[in-house]
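In case you want the letters, here they are:
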Amino acid sequence: FIVFLVGCNSEDAVPYIEQGFTGEIGSIEGVVQREERIQNRQLVAAEDIVLVTYEVKPQFRVQKQRVERELKEQLEKAYPSLQFVVSGDFKLHYEAQQLAKKKKDDSSDDEVDKETQNKIKKEIEQLKELAEEET
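A short tour of the structure in this document, coming up. (Residues numbered from 1 in each chain as written. Predicted model: local features only at pLDDT ≥ 70, side-chain atom pairs only at ≥ 80, totals over all residues. Heavy atoms only, no water.)

### What about the overall build of the chain?
Secondary structure summary: the chain contains five helices and four strands in total. Starting at the N terminus and ending at the C terminus, the chain contains elements arranged as α-β-α-β-β-α-β-α-α. Taking the contacts inside the chain whose residues are at least 6 apart along the sequence as the reference set, 64% of them involve residues at least 24 apart. Carbon together with sulfur atoms contributes 47% to the accessible area of the chain, which is approximately 8500 Å² in total. (Helix = DSSP H or I, 4+ residues; strand = E, 2+ residues; numbered from the N terminus. Contact = heavy atoms within 4.5 Å. Areas by Shrake-Rupley, 256 points an atom, 1.4 Å probe, with all protein chains shown as cover.)

### Some details on the packing of aromatic side chains
Under the counting rule described, the total for this entry stands at one aromatic pair. Pairing Tyr79 with Phe84 gives two aromatic rings, centres 6.3 Å apart and planes at 55°, and the pair type is tilted. Taking the relative accessible area as the measure of exposure, Tyr79 reaches 18% and is therefore buried. (Phe/Tyr/Trp six-rings, centres within 6.5 Å; stacked < 30°, edge-to-face > 60°. Buried < 20%, exposed > 50% of the residue type's maximum accessible area, 1.4 Å probe, protein only.)

### Topic: the packing of helix H2 (residues 25–33) against helix H3 (residues 64–78)
The N-to-C vectors of H2 and H3 enclose an angle of 150°; their axes lie 10 Å apart at closest approach. Taken together, the axes of H2 and H3 are roughly antiparallel relative to one another. The two elements H2 and H3 meet at a crossing, and its hand is right-handed. On H3, the residues that touch Ile28, Val31 and Val32 of H2 are Leu71, Gln74 and Leu75. (Axes fitted to C-alpha atoms, helices over the stretch in contact; angles between N-to-C directions. Parallel < 35°, antiparallel > 145°, perpendicular 65-115°, else oblique. Left-handed = near helix turned anticlockwise from the far one by under 90°.)

### Focus on the pattern of salt bridges
Any two side chains of opposite charge can pair, so long as their charged atoms come close to each other. Summed over the entire model, instances satisfying the criterion amount to four salt bridges. Arg37 is the salt-bridge partner of Glu35, the closest N and O atoms lying 2.6 Å from each other. Like Glu35, the residue Arg37 is buried in the burial classification. Measuring nitrogen to oxygen at the nearest pair gives 2.6 Å for the salt bridge that ties Arg37 to Glu70. Highlighted residues: Arg37 in the loop between H2 and strand E2 (38–46) and Glu70 in helix H3, separated in sequence by 33 residues. Connected via shared salt-bridge partners are Glu35, Arg37, Arg66 and Glu70. (Salt bridge = Lys/Arg side-chain N within 4 Å of Asp/Glu carboxyl O.)

### Describing the environment of Leu43
Residue placement: Leu43 occurs in strand E2. Along the primary structure Leu43 and Tyr54 are separated by eleven residues, whereas in three dimensions their C-alpha atoms are 8.7 Å apart.

### With respect to the nonpolar core
With 18 residues, the main nonpolar core has Ile28, Val52, Leu71, Leu75 and Phe84 as its most contacted residues. Elements with a minimum of two residues in this core: H2, E2, strand E3 (49–56), H3 and strand E4 (83–87). In this structure, Val44, Leu51, Val85 and Ala131 belong to the second largest nonpolar core, which totals twelve residues. (Core = buried A, V, L, I, M, F, W, Y, C linked by side-chain atoms within 4.5 Å.)

### Things to note about H3
Residues that lie three or four places apart on an α-helix share one face, since the helix turns once every 3.6 residues. With 15 residues, H3 extends 21 Å from end C-alpha to end C-alpha; this agrees with the ideal 21 Å at 1.5 Å per step. Three or more residues of H3 are buried, namely Val67, Leu71 and Leu75. End-on, the buried residues of H3 take up no more than an arc of 55°, which puts them together on one face. Opposite the packed face of H3, turned more than 90 degrees from it, sit the exposed residues Gln65 and Lys77. If you follow the buried residues of H3, they end up packed against H2, E2, E3 and E4. (Expected span 1.5 Å × (residues − 1). Arc of directions from axis to C-beta.)

Structure below.
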């Protein structure tokens, strides 16, 4: 049973998608990873938009909006040329994970065609609209 739980560790999840992304996704992930109030995260990037979804640790759920605001400020300050959508909403987090899994399953090679890039960007835009609708 313990081996099963260790095997299901969320740290093995796909952390991001990089589709014609203009920034350095690894360093952005590092900023998000340093936030001690977050337990799971998902980064999805396309061109100049980065969608950051996360789950807050149970003891910090009361501070969920504060965590979101502070994380967005940190990211915008560190990367002013990028547009960030930061959300702690579980539905957005789930959708971002599904998008990352879909991308991983669809692309077997490193090269992604223009049509796939446009599809990914469109899905990110839809998730962005959903995030703005909820706030």
